[in-house]
Amino acid sequence: EYIDSYVFNKVEDIRFNSTVGKYVGYTEHGVKNAEAWNKESDLAQEQAQLESYCKYNAAIDYSVVL
């Protein structure tokens, strides 16, 4: 699971969660930004990071642990 959180003043505003597959806002400002980011290329960028970095390294880390 890949999670990318955006925090301001110790309050989580927005989070991308790979399980959900989109940005989710937790404050009024975060909800507005999440809606905009889900429509733009920001969502595609997070999906690309998930595929290129997380899934690749998860397989390596898993094999090392075993």
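Residues numbered from 1 in each chain as written. Predicted model: local features only at pLDDT ≥ 70, side-chain atom pairs only at ≥ 80, totals over all residues. Heavy atoms only, no water.

(A) Local environment of the nonpolar core. One finds Tyr 2, Ile 14, Phe 16, Tyr 23, Ala 34, Leu 43 and Leu 50 forming the largest nonpolar core, which totals 7 residues. Breaking this core down by element, the ones donating at least two residues are β2 (11-17) and α2 (42-65). Here Phe 16 is in contact with Tyr 2, Ile 3, Asp 4, Gly 21, Lys 22, Tyr 23, Leu 43, Glu 46 and Gln 47, once residues within four sequence places are set aside. (Core = buried A, V, L, I, M, F, W, Y, C linked by side-chain atoms within 4.5 Å. Buried < 20%, exposed > 50% of the residue type's maximum accessible area, 1.4 Å probe, protein only. Helix = DSSP H or I, 4+ residues; strand = E, 2+ residues; numbered from the N terminus. Contact = heavy atoms within 4.5 Å.)

(B) Quick look at the sheet that holds strand β3 (residues 22-25). In space, the 3 strands of this open sheet follow the order β1-β2-β3, with antiparallel pairing throughout. Because the sheet does not close on itself, it has two edges, and the strands there are β1 (3-8) and β3. The sheet shows a mean angle of 20° between the axes of neighbouring strands, taken without regard to direction. Both β2 and β3 contribute to a ladder of 4 bridges, which runs antiparallel. The residue of β3 that forms the bridge with Asn 17 is Lys 22. Contacting β1, β2 and β3, helix α1 (residues 28-39) crosses the sheet at an angle of about 165° to β3. (Pairing = 2+ DSSP bridges. Axes fitted to C-alpha atoms, helices over the stretch in contact; angles between N-to-C directions.)

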